[in-house]
Amino acid sequence: MLATTEHPRSAVAPAAALASPPMLTDCRSDQQLYALWIARFRSPGTIRAYMADWRTFRAFCPLPLHDLRVDHLQAYLGHLEERGLRPDSIRRRLSAVKSLISFGAKTGYLPINVGTLVKSPDRINNLRERILPAETVVRLCWADALGRSPHHRARNSLLLRVLYTCGLRLQEALRLRWRDIQPHGKDPSKGILSTIGKRSKLRHVVVKSTTFARLMAFRPADATPDDWVFPGRGGAPLSNVSGWRIIKAAMAAGGVPDGSPHWLRHSFATHALDAGADLRQVSADLGHSSLAVTGIYLHVSPDRGAGEVLAV
């Protein structure tokens, strides 16, 4: 956490004060602004990542926010590059710092947003490398590394299936309760899964019949609607760390040592579009904010070109 540093409005230089937006917050210290900023995020994963990224920056540059200059951010960018981090990792770490500075400027706590003058590294589009072949996904679901006991193997295999066939984020899958999965109104052999994703947005995803049947077979006879679908110890849901370990172990055993849970979501989107699924439906299932975000999956599978449908 940041050390409390008082910055009365009157302490700002007159020229900067004239250019500043009106004060939209009562924050009088960096600590208070930080707390207000981090409270804006709803995803536990985003909160953890941004908190860790901000702590890393503070360890490198422990200055009050009002004293930050472009030079300091440029020096931090150079520091990250010298550490040999991938461009995407650098972008994420820098985005946390720029986000807080931007928030401070928009609320009037800071006179200017110096983060806008620092360019993040260009994003590297390596999405194609993270799309698993369908046969690999099948192999993962039956990997020997899925658990020591029959119950754990069934649970872990089901977790992989839900991530892939429903396109969920790991956090979304691990927070499922049995009340979130209901039979489909028009076809009881299928299910309807309700989940809350980014920006606290509720969405409903159709669960294919084979996955829904496995879910119902896995559900304990005495399970209540409030029980977790993927339970961990002591009645708590399976933790993020445990979920990661399960997926990573299955992928390593299946020949994908560098994979992550999100690769199953990428594969869901690509395979669905390749099979002819509607772009709008895939976008809705993924919970994307726009079709443009989902459209990136249209460019990662060059097996068929648009020109192939032409008459000549």
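In case you missed it, the structure is sitting above this.
Since the structure is predicted, the reported quantities are computational estimates derived from the model, not experimental observations. (Residues numbered from 1 in each chain as written. Predicted model: local features only at pLDDT ≥ 70, side-chain atom pairs only at ≥ 80, totals over all residues. Heavy atoms only, no water.)

J.: Quick one: what's the story with the packing of helix α3 (residues 44–60) against helix α4 (residues 70–82), residue by residue and with numbers?
T.: α4 packs onto α3 with a crossing angle of 110 degrees between their chain directions and a minimal axis gap of 11 Å. On the basis of their axis angle, the class for α3 and α4 is roughly perpendicular. Contacts between α3 and α4 involve D53, T56, F57 and F60 on the former and, on the latter, H72, L73, A75, Y76 and H79. For the contact of α3 with α4, the residue count by class is 5 nonpolar, 3 polar and 1 charged. (Axes fitted to C-alpha atoms, helices over the stretch in contact; angles between N-to-C directions. Helix = DSSP H or I, 4+ residues; strand = E, 2+ residues; numbered from the N terminus. Parallel < 35°, antiparallel > 145°, perpendicular 65-115°, else oblique. Contact = heavy atoms within 4.5 Å. Nonpolar A, V, L, I, M, F, W, Y, C, P; charged D, E, K, R; others polar.)

J.: Explain helix α11 (residues 262–274) to me, using residue names and the numbers behind them.
T.: For α11, with 13 residues, the first-to-last C-alpha span of 18 Å sits near the 18 Å given by 1.5 Å per residue. α11 sits mainly inside the fold: 11 of its 13 residues count as buried. Taken together, the buried positions of α11 are occupied by W263, L264, R265, H266, S267, F268, A269, T270, H271, A272 and L273. In this structure, the buried residues of α11 make contact with α6 (134–141), α7 (150–166), β3 (202–207), α10 (240–253), α12 (279–286) and α13 (291–294). Positive phi appears at G276, one or two residues downstream of α11, with a value of about 100 degrees. (Expected span 1.5 Å × (residues − 1). Buried < 20%, exposed > 50% of the residue type's maximum accessible area, 1.4 Å probe, protein only.)

J.: Describe the pairing of strand β2 (residues 191–196), and please don't skip the residues or the numbers.
T.: Pairing of strand β1 (residues 181–183) with β2, which is carried by 3 bridges, proceeds in the antiparallel orientation. Looking at β2, one finds that Q182 is bridged to I192. As paired elements, β2 and β3 share 6 bridges and run antiparallel to each other. What sits directly across from G191, in β3, is V207. Following β2, the chain reverses through 5 residues before pairing antiparallel with β3; R199 in that reversal takes a positive phi of roughly 60 degrees. (Pairing = 2+ DSSP bridges.)

J.: Mind laying out the pattern of salt bridges, listing which residues take part and the relevant values?
T.: Enumeration over the complete set of coordinates arrives at 4 salt bridges. Across the pair E172 and R169 runs a salt bridge, and its minimum N-O distance is 2.5 Å. E172 gets classed as buried once you look at its relative accessible area, which sits at 5%. Ionic pairing is found between R203 and E172, a salt bridge with its closest N-O pair at 2.7 Å. Highlighted residues: R203 in strand β3 and E172 in helix α8 (residues 170–174), separated in sequence by 31 residues. One connected set of salt bridges, linked through shared partners, spans R169, E172 and R203. (Salt bridge = Lys/Arg side-chain N within 4 Å of Asp/Glu carboxyl O.)

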